[in-house]
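A closer look at the structure
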Amino acid sequence: MNKLGKNLADIGYMDTLAAGDSPLHRLDPRAKLLTTFLFIVSVVSFNKYEVSALVPFCLYPVFLVAAGKLPAGYLVKKILLVSPFAVLVGVFNPALDRQILFQLGPLGISGGWVSFLSILARFALTVSAALALLSITGINSVCEALLRCGVPKPFVVQLLFLNRYIFALTGEAERMSRARSLRTFRPAAVSFRVFIQLIGNLLLRTMDRAERVYRAMLCRGFDGHIRVVRFSKIGRREIAFTLGWSVFFSVFRFVNIPLMLGQAVTGLLK
Amino acid sequence: MHMADALISPAVGGTMWVVSGGLIAYSAKKVREEADDRKIPLMGVLGAFIFAAQMINFTIPATGSSGHLGGGMILAILLGPYSAFLVMASVLTVQALFFADGGLLALGCNIFNLGFFTCFVAYPLIYKKIIGRGLDKKRLIIAATIAGVIGLELGAFGVALETVSSGISELPFKTFVLLMIPIHLAIGLVEGLVTSGVVSFVITARPEIVTAAGEKTPPGVGVKKTALGIAAAAVLAGAALSWFASAHPDGLEWAMLKTSGREELESSGRLHGLLASLQEKTAFLPDYGFRKAAPAGEVKSEPAAGEKAAWPAIDAGASVSGLVGGLLTLLLAALIGLGLKRRQTAA
Amino acid sequence: MSHHIVEADKIHYSYPDGTAALAGVSFRIPHGESVALVGENGAGKSTLLQHFTGCLLPSSGSLSIGGVSVEKQNLPAVRRAVGMVFQNPDDQLFMPTVFEDVAFGLLNLGVPEAELGGKVMGALETVGAAQLKGRPPYRLSQGEKRAVSIAGVLALSPDILVMDEPTSNLDPLSRRRLIGLLKTFKHTRIIATHDLDFALELCERALVIHKGLITADGPTREIFGDERLLKSSSLEKPSGMRKCPVCGGKQ
């Protein structure tokens, strides 16, 4: 299984998580979507040298994971798996920004290191919140929320169909390439010519499938409009969830709690 | 070349969300106007096809590295620009949501970089122009390759522009562009060759598919005009916002000051003063840090220093306290999480 | 409405590339009959089935369902009367969850949301799949997929049920369950299949199709007893009708 295969297994797993049951799962997806969006905006709105003020924000993903009964280890692993890109771009910062920002005993900490750390913190926060959101909501509910928030229907329907057929088609691709390698007999690389044959055949099959799906839709009265069932409702719990967290986020955004806490503690130590 | 949330500022991310959102709404409207019912399932499974095709890699001779299909150009050829753009946007959305490739805030950037340039610039202005009316294979290869390269290069340029105007990564624009261009030249070449290879395969096997798709594409002028219009609007909006972002490094804070006026400023000044006095009492670090910390508290008396203080807390006392407090907060959050978890399992 | 009689009169059909798939097919199926459509691969079974829902229209000849001619302007009425279960359930289950998939056709019919849940669950209960309602289709077993795709069609209460290879990819137990389910239906049933035992159990009449032509039409047991006819159509006597290989007697 290559990286994509693993990613797909993840979609399946996250679907299973989303099928779970907790008060968080039952919340209207719009409330969760909006709250997570506010969370991300608050986190990324800090200046690039901010680290300590970002820390309280981890309360939100921690809350989602704990209250949604999500496997924390799995999410952490997933974040680590996708982190190389953030590391790659951030890692130049220490080299490029060498101005000493503060002195920790004999150690001079440059701005580059601080901003690097900040990038990593942002990355961990935003990614964990997004993953947790999906794991307690599921793509279908997210799509329903998007539709009801005014996202154009052709796009939402496209997302739903894409999600529906990812497994069918990647399964086909996997079987094709396995069939190829079984008849190759030695670990030979896929040549460009064979590659084109594989992809071309896959594409033809895909288009045939599209035609069959279209016919199946016609047979059940499809007239160009997909009608989506509405399940969710905005109630008191949704409003409380979104408002409550918004208050937290704005407090975290404008009051540096860790700094105050740290000063109080270091003050006591003195 | 997916952008990540961590690398962009809300101003840039927000702008690109608006731009890409507008493009999605516009494309959705166009697709609806085309009223081709058959396209609804076709777009869906072609989106899944892009994922599936990416599971198969081929080995690039003499390099040991492998290439695969990116997909934007082939979608545009098979579906026309509007539908292709929607499919590309959906693929990127799924990647952002499930694979954390890119991120939610960066999604607007990614849709623009990988979707807009290919579907609305490279496809109508380069591929269609070279291909002309007929569909012979030599032209197809040339058209798909050049369009593939240009689409990806523009996308790479977009990545560089967005990253640098966000100001979070320290890489200077020129270095970034110089780093991105050659890499994406190679990626674009591969993409173009794969695209033309697959399209000529399909033409040989089932010619009606590609010709039908070509006919369905609305006349070039409409696409070009709208593409140019949107491109111009995007560049303008981007330029304005990146100027705004760089002039006011912390857009949100700036807006807060501007809207809530003095009171907020004073109270935060007082808070800073309080903190500063707290620091005075806790002087266990070299006083070097506290000298610097002091101006941060005196926003009113020293406007010039205040300007700088709007940037980060560049003071040692604050940093150490931040470190200690940060760790404590982390611990607290973990405890809250554990508590919640225990309650959940008990319930 | 003349009781949903299906009447085909010299249907010819050629694919755009020129392949002739049907070369003058005629038959008449009265209301409530259960008919097996058998024939070798490429005989034209699937092409014929696609005509029942108007996904393909005859190049010449005519097909009428319940007195309504299958033509472009009549397609909504035809599709209202005919429920089609596709060979590959993955083609048919395109909505994100089982519930939504069964609801798809109902919503297209304009069923109000208040009645929707009851109708969907009713159809799912008929096929014994009520517990699957929230599941995404790609996480179902083949048997479950088949059951759900039948529910999606049943929910629309069609008069005529058309099925393409309903037992393909099913394990024996799922196949048995399907037979039990189909036996309870009172619809007119047209079932294309290679599973002759299945046809024998379920259908009183069989149509043998060979190279685009109906080569035999009659009671299933009679037709399946004609070994020469079966052989010429690349078919084989169902094991249920063969003599016991050990004692030579009837099984």
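Per-chain numbering applies: the sequence of each chain, read as written, is numbered from 1 onward. Note on labels: chains are lettered from A, ligands numbered from 1, in written order. The model is predicted, so local features are restricted to residues of pLDDT at least 70 and side-chain atom pairs to those at 80 or more, both for listing and for counting; the totals for chains, interfaces and linings are taken over all residues. As a rule here, side-chain values cover all heavy atoms of the structure and leave hydrogens and water aside.

**Let's talk about the overall build of chain B**
Within chain B one finds 13 helices and two strands. A burial count over chain B gives 50% of its 347 residues as buried. Contacts were defined at the residue level, with two residues in contact if any of their heavy atoms lie within 4.5 Å. For chain B, restricting intrachain contacts to residue pairs at least 6 apart in sequence, the fraction spanning at least 24 positions comes to 72%. Runs of E in the DSSP output that reach at least two residues are strands. Runs of H or I that reach at least four are helices, and both are numbered from the N terminus. Partly exposed residues are those whose accessible area sits between 20% and 50% of the maximum for their type, while under 20% is buried and over 50% is exposed, using a 1.4 Å probe and protein chains only.

**Here we look at the sheet that holds strand S6 (residues 82-85) of chain C**
All names here are of chain C. Read across the open sheet, the six strands follow the order S6-S7-S8-S3-S9-S10; overall the sheet is mixed. Strands with a single pairing partner mark the edges of an open sheet, and in this sheet they are S6 and strand S10 (213-219). Sheet twist, expressed as the mean angle between neighbouring strand axes with direction ignored, is 15°. Against the sheet, helix H6 (residues 142-154) makes contact with S6 and strand S7 (160-164), and its axis sits at roughly 165° relative to S6, the strand it touches most. Only when DSSP finds a minimum of two bridges between them are two strands counted as paired. Every angle, taken between N-to-C directions, lies between 0 and 180 degrees, and every axis is a line fitted to C-alpha atoms, over only the stretch in contact when it is a helix.

**A look at the side chain of B:Ser200**
Along the polypeptide, B:Ser200 turns up in helix H7 (residues 173-205). The class of B:Ser200 is buried, set by a relative accessible area of 10%.

**Comments concerning the domain arrangement of chain A**
Residue and element names in this part refer to chain A. Parsing chain A into structural domains produces domain 1 (3-148 + 235-269) and domain 2 (153-219). The C-alpha-based centres of domain 1 and domain 2 are spaced at 35 Å. At the interface, eight residues of domain 1 touch eight residues of domain 2. Salt bridge, as applied in this entry: a Lys or Arg side-chain nitrogen positioned within 4 Å of an Asp or Glu carboxyl oxygen. Where domain 1 touches domain 2, the interface holds zero salt bridges. Per-element accounting of the side of domain 1 that touches domain 2 gives the leading share, five residues, to helix H9 (residues 139-148). Of the residues assigned to the side of domain 1 that touches domain 2, the class counts are six nonpolar, two polar and no charged. Bear in mind that the domain bounds are from an automatic or database domain assignment. Three residue categories are used. Nonpolar comprises Ala, Val, Leu, Ile, Met, Phe, Trp, Tyr, Cys and Pro, charged comprises Asp, Glu, Lys and Arg, and polar comprises the others, including Gly.

**Notes on the packing of helix H10 (residues 153-182) of chain A against helix H2 (residues 39-53) of chain B**
Put simply, H10(A) and H2(B) touch, their axes get as near as 7 Å, and they point 50° apart. By the criterion of interaxial angle, the relationship of H10(A) to H2(B) is oblique. By crossing handedness, the relation of H10(A) to H2(B) is classed as right-handed. The segment H10(A) lies against H2(B), with A:Val157, A:Gln158, A:Phe161, A:Leu162, A:Tyr165, A:Ile166, A:Leu169, A:Thr170 and A:Ala173 engaging B:Ile40, B:Pro41, B:Met43, B:Gly44, B:Val45, B:Gly47, B:Ala48, B:Phe49, B:Phe51 and B:Ala52. Of the residues belonging to the contact of H10(A) with H2(B), the class tally is 15 nonpolar, four polar and no charged. Any angle between 65 and 115 degrees counts as roughly perpendicular, while under 35 counts as roughly parallel, over 145 as roughly antiparallel, and the rest as oblique. Crossing handedness is defined as follows: a turn of the near helix away from the far one that is anticlockwise and smaller than a right angle gives a left-handed crossing, while the clockwise case is right-handed.

**Considering the environment of A:Pro84**
One can find A:Pro84 in helix H6 (residues 84-90). Residue A:Pro84 is classed as partly exposed on the basis of its relative accessible area of 47%.

**Re the side chain of C:Asp91**
On the secondary structure map, C:Asp91 appears in helix H3 (residues 89-92). For C:Asp91, the side chain forms a polar contact with the side chain of A:Arg209, separated by 3.4 Å. Not counting residues within four places of it along the chain, the set of residues in contact with C:Asp91 comprises A:Tyr165, A:Arg209, A:Arg212, A:Val213 and A:Ala216. Nitrogen and oxygen atoms within 3.5 Å of one another constitute a polar contact, given that in protein one can donate a hydrogen and the other can accept it, and given that sequence-neighbouring residues count only through two side-chain atoms.

**Topic: the packing of aromatic side chains**
Note on aromatic pairs: each is described by the distance of the centres and the angle between the planes. Each Phe, Tyr or Trp ring (for Trp, its six-membered ring) is paired with any other whose centre lies within 6.5 Å, and the angle between the two planes then decides the class: stacked below 30 degrees, edge-to-face above 60, tilted in between. Applying the stated criterion across every chain, the model contains 31 aromatic pairs over all chains. Seen from their ring centres, A:Phe39 and A:Phe57 are 6.0 Å apart, and the 65° between their planes marks the pair as edge-to-face. Here A:Phe39 is found in helix H3 (residues 29-44), whereas its partner A:Phe57 is found in the loop between H3 and helix H4 (59-67), with 18 residues between them in sequence. Exposure class is identical for A:Phe39 and A:Phe57. Each is buried. Between B:Tyr82 and B:Phe120 the ring centres are 5.7 Å apart and the planes differ by 50°, which places this aromatic pair in the tilted class. Separated by 38 residues along the polypeptide, B:Tyr82 in helix H4 (residues 81-98) and B:Phe120 in helix H5 (residues 107-131) bring together distant segments of the chain. Charge-over-ring contacts are defined here by two conditions on Lys NZ or Arg CZ: a distance within 6 Å of the ring centre and an angle within 35 degrees of the ring normal. Lying across the ring of A:Phe254, A:Arg253 places its NZ or CZ 5.3 Å from the centre.

**Examining the nonpolar core**
Counting 192 residues, the largest nonpolar core has B:Phe49, B:Tyr127 and C:Phe52 as its most contacted members. Those residues in contact with C:Phe52 that lie beyond four places of it in its chain are C:Val6, C:Phe27, C:Leu63, C:Ile65, C:Val78, C:Val82, C:Val162 and C:Ile190. Residue types Ala, Val, Leu, Ile, Met, Phe, Trp, Tyr and Cys, when buried and joined through side-chain atoms within 4.5 Å, form a set referred to as a nonpolar core. Membership of the second largest hydrophobic core comes to 52 residues, among which are C:Leu106, C:Ile191, C:Leu196 and C:Leu229.

**Examining the pairing of strand S2 (residues 20-29) of chain C**
All names here are of chain C. Bridge count between strand S1 (residues 6-14) and S2: seven bridges; the pairing is antiparallel. Bridge pairing in S2 places Tyr13 opposite Leu22. Count of turn residues in the S1/S2 antiparallel hairpin: five residues, of which Gly18 carries a positive phi of about 100°.

**As for the sheet that holds strand S4 (residues 60-65) of chain C**
Residues and elements named next belong to chain C. The strand order S2-S1-S4-S5 describes an open sheet built from four strands, whose pairing is antiparallel. In the strand order of this sheet, the two ends are held by S2 and strand S5 (68-69), each with one partner. Contacts between helix H1 (residues 45-52) and the sheet are confined to S1, S2 and S4, with S2 contributing the most and set at about 60° to the helix.

**A short note on the packing of H10(A) against helix H11 (residues 192-219) of chain A**
Residue and element names in this part refer to chain A. Running from N to C, H10 and H11 cross one another at 145°; their axes reach a closest spacing of 11 Å. For the pair H10 and H11, the crossing hand works out as right-handed. Residues Phe161, Tyr165, Ala168, Leu169, Glu172, Ala173, Met176 and Arg180 of H10 form the contact with H11, whose participating residues are Val194, Leu198, Asn201, Leu202, Arg205, Thr206, Arg209, Val213 and Met217. For the contact of H10 with H11, the residue count by class is 11 nonpolar, two polar and four charged.

**Examining the pattern of salt bridges**
Inspection of every chain in the model, using the stated rule, returns 25 salt bridges over all chains. Among the salt bridges present, the one from A:Asp21 reaches A:Arg26, with a minimum N-O distance of 2.8 Å. When salt bridges with common partners are traced through the structure, they connect A:Glu172, A:Arg205, A:Arg209, A:Arg212 and C:Asp91 into a single cluster.

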